[in-house]
Amino acid sequence: MVERTHLKNYLRETHIFTSRVLVALVCVSALLGLLVVRLVYLQIISHEHFSTLSEKNRVNIVPVPPTRGLIYDRNGVLMAQNVPSFSLEIIPEQTDDVDATLADLGKLITLSDDDLENFRNLLQEKRAFESIPLRFRLSEEEVARFSVNRYRFPGVEIQARLSRDYPFAKVASHALGFVGRINETEMNELDPTNYNGTTHVGKIGVEKSYENVLHGTVGYQHEESNARGRVLRVLQRIAPTPGQNVYLTIDMNLQMVAESALEGKRGAVVALNPKTGEVLTLASLPGADPNIFINGISTQQYQTLQDDPNQPLFNRVLSGQYPPGSTIKPLLALAGLEYKAVTPATQVFCQGWYALPGDAHRYRDWKKEGHGSTNVTSAIVHSCDVYFYQLARDLGIDRMYKYLSYFGLGKKTGIDLPGELSGLLPSREWKRAARQEAWFPGETLITGIGQGYLLTTPLQMAEASAILANRGTIIQPRILHALQRNGGTEIVVPTPAPQGKVPISDPSNWNAVISAMEDVVNTQGGTAYGIGRGATYRIAGKTGTAQVFGIKQNEKYKAQEVEERMRDHALFIAFAPANDPEIAVVVVVENGGHGGSAAAPIARAVMDRYFSSKPVL
Amino acid sequence: MAIDLQQPRWYERRHHSPLIRGLHIDVPLMVGLLLLSAVGLVVLYSAGGQSTDVLARQAIRMAAGFAAMLVLAQMPPQQFARWTPWVYGIGMFLLAAVLVMGEIGKGAQRWLDFGVLRFQPSEIMKVAVPMMVAWYLAENPLPPRRRALAVASIMIVVPTLMIARQPDLGTALLLASSGLFVLLFSGVSWRLVATVVGAMGAIAPVVWHFLRDYQRQRVFTLLHPENDPLGAGYHIIQSKIAIGSGGLFGKGWLNGSQAHLDFLPEHSTDFIFAVLAEEFGLIGVLIVLALYFFVVARGLYIATQAQSSFNRLVAGSLTLTFFVYIFVNIGMVTGLLPVVGLPLPMISYGGTSLVTMMAAFGILMSIHTHRKLLST
């Protein structure tokens, strides 16, 4: 207690305090003096100037919101547009009694509880002299009914606004996203000036990720008005800058083919241009018509969509995390060749199961009777699990982790869309951190057939397939094709930054794996044999089947007996033409069963559509 | 004797009825506040569109404020000192609760809007922060040592940042200044003050570098409201027209066209000073400023007469905080300062800060009327 030994020096403290109070008094006087000087300046020196302004003050400054940019597909097909619609808006300051006004309006025009709640939220956020929307998309009858009664409602106006519209409804809805009314949280994040007069903002999808481009810049006009705020004429107008038009890399033709092929199922289709990373198709089914979200759907409607077991609001392409199953095998074969865990000549005998030394557990092959003697090609063509158990064991989890990382697994692809998940590429470090457990050898084996902890999104698999198709050139998926500025006079096409290459010591390894993938589709006995038939181009592919639930030892999996939701997910990755790929496709059909029968035909349909629009050579 | 024992003033002891002494009322302060309230109601009647409803609601709030002031005036200041750490602690807890609730999600955001709960924590802190710093510093000899200063700074900075995150920049500014006033009154050396101000000046460009574009834009708008005729600039342009057109004598009560034609936004709340200036001119404005000066001067006088370090630090800081309200509000309405949402004390419509302010005056009165008068 050293400090306590210092005695309080009352006299000194009083002296200091009094002098500080004097300083404070001087400062207060000086600041008040400053205010007086300012007031003298305003009220005496500039009095005449402000008097004149005050006399003339019949002019209001009113924001003019910009027109939102349009969204097109890569060929100029209109995907999102603006249609004129009438909305009912209230300026609280000019309304005598907001509650009574709302009650009276309710008798003329249907106002839902959600309309009223939204309005009240905005009423608290906005300033009293700003116009607050109450109802959107009035019918012509409602407009007429209000117009006749307008004299009863000072401060209430019908506004002709542009409303967002998605002509294709459900198609590509997960890529496009939608706009909705600005909520309280967004209000705090948006620039209040630029969004003055704007009622909607992108909530998800492209509408959200390119919000700053699509929105444009607010304009304003000086309006002469009478004392009640009725506009008499517009004096001066600073036009808003409309939002830029956005061209997506999506090809609506392919998109529609993909969605109709997947119709009635749950799943995802992604098609990329492997050379550029452009997303040609991004389909997640089921979807929901985005038009219903624009002006706020009822809580009940929203709940119904939320509770739908088919999850129509869930973007499976970006956020669906599935075990890749056997579709991971080409990448692991490559890793095996790269790290010399196997050579093209390595033979593994498949007797239908595999066991670790000193462990009775049988890691089973999907084919109970086994594939016999297999090498890297036949193991891919027939999707032999035992070969890859052996390969995984020889590689070890660390090298598997390292090599799969090059293909973008375990991290977000960085596509220009919100809501992407990163999947899970397991490693020793991950397991120690997440589960506080050591990595077990058996887990290496099941990772080798794309099961276990390993999770990938369809978009990640598409990126990995594209990198494989490119023979190692890494790309980043993107959905922005071009921006169109200044009414179409200026078109900006972003150039993707080069992403590097997957390291490989012997380039012929690419050919070994890719030719095996060609055989999957084109040779008898290949797991997707049949879907290559009749194609004018050469497809390379790999099927996959992801287990939804585990099968006990000594039990046999019978698809018919298992409840639909418990059935395996069907997967297929493919690219074509095999020698110089232009398109890479990934298909996931939830609970679809076998990749070869459920998923592969959808990929074929998409590729057929893609190549049919090309001139046949 | 160097201690200047004040002779009792005419208004302090001799001529007052036992009732006023018994109620612990400081008459000059009371008169000043009553006059300001009266002016406030007169201006508000005009600004509020001559609505008796608005007037009645404000009068009720004022009554509540005066009641709070009188209740606090009855308690001896030692009582406040004892309560200070607890009030500060509870205030911090509530602030944290508000922040946590606010971040949890949409549902919680509404919870904050329920009635008084949204404002309470930060209102409590407006009084609790200076009292806490004063309580902490008064334990030891003044001027405080460096370590005590560091602790006191943390007591100020933490709640300030929490409130700034809500986000309520106006209140955060008040909180920070009320705490800093205590430090200044405690006798922190001017050299240290200069060093800190210098350091802040040096940090500013670094902070600027880390701001995002839209945040910078907001700062620009604050500095040049004319470039933003739709947002903050609109307020300033209209308010300057209102004040300037008032001239020396004003347009007369109920005759201010700016407010009555709805050109001046928020004319009953933050911008009510413009209505005062428009209708009563420079003369009216000077009278109100004189009243404010009188109240501030009386507060500082009470601080010099206080008999413990805690009391004088609290009285000085609360008084200067009251002045910050006045200066920031009028500075903003006249276009000297950026638009920060602070009301004009005793005159603006609205009750959240009124009651807190009156409570602060109650504390001042308690400090002054509970002095032990040393007999000469």
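Only a predicted model underlies this, so the values are computations on that prediction, with no experimental measurement involved. (Residues numbered from 1 in each chain as written. Chains lettered and ligands numbered in written order. Predicted model: local features only at pLDDT ≥ 70, side-chain atom pairs only at ≥ 80, totals over all residues.)

Mapping B:Glu139 onto the fold places it in the loop between α7 (120–138) and α8 (146–164). A sequence separation of 170 residues divides B:Glu139 from B:Ser309, and the C-alpha atoms of the two residues are 8.6 Å apart. (Helix = DSSP H or I, 4+ residues; strand = E, 2+ residues; numbered from the N terminus.)

Our next topic: helix α16 (residues 352–369) of chain B. For α16(B), with 18 residues, the first-to-last C-alpha span of 27 Å sits near the 26 Å given by 1.5 Å per residue. Judged by how many residues are buried, α16(B) sits mostly within the fold: 17 of 18 residues are covered. (Expected span 1.5 Å × (residues − 1). Buried ≥ 20, exposed ≤ 12 C-beta atoms within 10 Å, placed from the backbone.)

This next bit is on the packing of helix α3 (residues 27–47) of chain B against helix α4 (residues 52–74) of chain B. Residue and element names in this part refer to chain B. Packing of α3 against α4 leaves a shortest axis separation of 10 Å and a crossing angle of 160°. Comparing their axes, α4 and α3 come out roughly antiparallel. The way α3 lies across α4 gives a crossing that is right-handed. In this structure, α3 contributes Ser37, Leu41, Leu44 and Tyr45 to the contact, and α4 contributes Val54, Leu55, Gln58, Ala59 and Met62. Its residues placed into classes, the contact of α3 with α4 shows 7 nonpolar, 2 polar and no charged. (Axes fitted to C-alpha atoms, helices over the stretch in contact; angles between N-to-C directions. Parallel < 35°, antiparallel > 145°, perpendicular 65-115°, else oblique. Left-handed = near helix turned anticlockwise from the far one by under 90°. Contact = placed C-beta atoms within 7 Å. Nonpolar A, V, L, I, M, F, W, Y, C, P; charged D, E, K, R; others polar.)

With that settled, consider the confidence of the model for chain B. Residue and element names in this part refer to chain B. Within chain B, residue pLDDT values average 83, and 83% of them lie at 70 or more. Here helix α6 (residues 106–113) stands out as the least confident element of chain B, with mean pLDDT 36; helix α14 (residues 272–305) is the most confident, with 95. This model gives residues 1–5 a pLDDT under 50, and the stretch forms 3 contacts once residues within four places in sequence are excluded. Segment residues 104–118 is flagged for pLDDT under 50; beyond a separation of four residues in sequence, or across chains, it makes 11 contacts in the model. (pLDDT = per-residue confidence, 0-100.)

Core analysis: the biggest nonpolar cluster contains 132 residues, and A:Val269, A:Val270, A:Val585, A:Val587, A:Ala599 and A:Val606 have the highest contact counts within it. Among the elements that take part in this core, helix α21 (residues 595–612) of chain A stands out by supplying 9 residues, more than any other. Each of domain 2 (61–245) and domain 3 (315–471 + 507–612) of chain A gives at least three residues to this core. Counting 110 residues, the second-largest nonpolar core is a separate cluster that includes B:Phe80, B:Tyr292, B:Val296 and B:Ala315. (Core = buried A, V, L, I, M, F, W, Y, C linked by C-beta atoms within 7 Å. Domains from an automatic or database assignment.)

Residue and element names in this part refer to chain A. Spatially, the 5 strands line up as an open sheet ordered β12-β11-β21-β20-β19, and their pairing is antiparallel. Only two strands of the sheet have a single partner each, and these edge strands are β12 (279–285) and β19 (540–546). The mean inter-strand angle of the sheet, taken between neighbouring strand axes irrespective of direction, is 5°. Sheet analysis places strand β20 (residues 569–576) next to strand β21 (residues 583–589), joined by 7 bridges and oriented antiparallel. Across the sheet, phenylalanine 575 pairs through a bridge with alanine 584, a residue of β21. Of the strands in this sheet, β11 (267–272) and β12 touch helix α10 (residues 252–262), which is tilted by about 25° from β12. (Pairing = 2+ DSSP bridges.)

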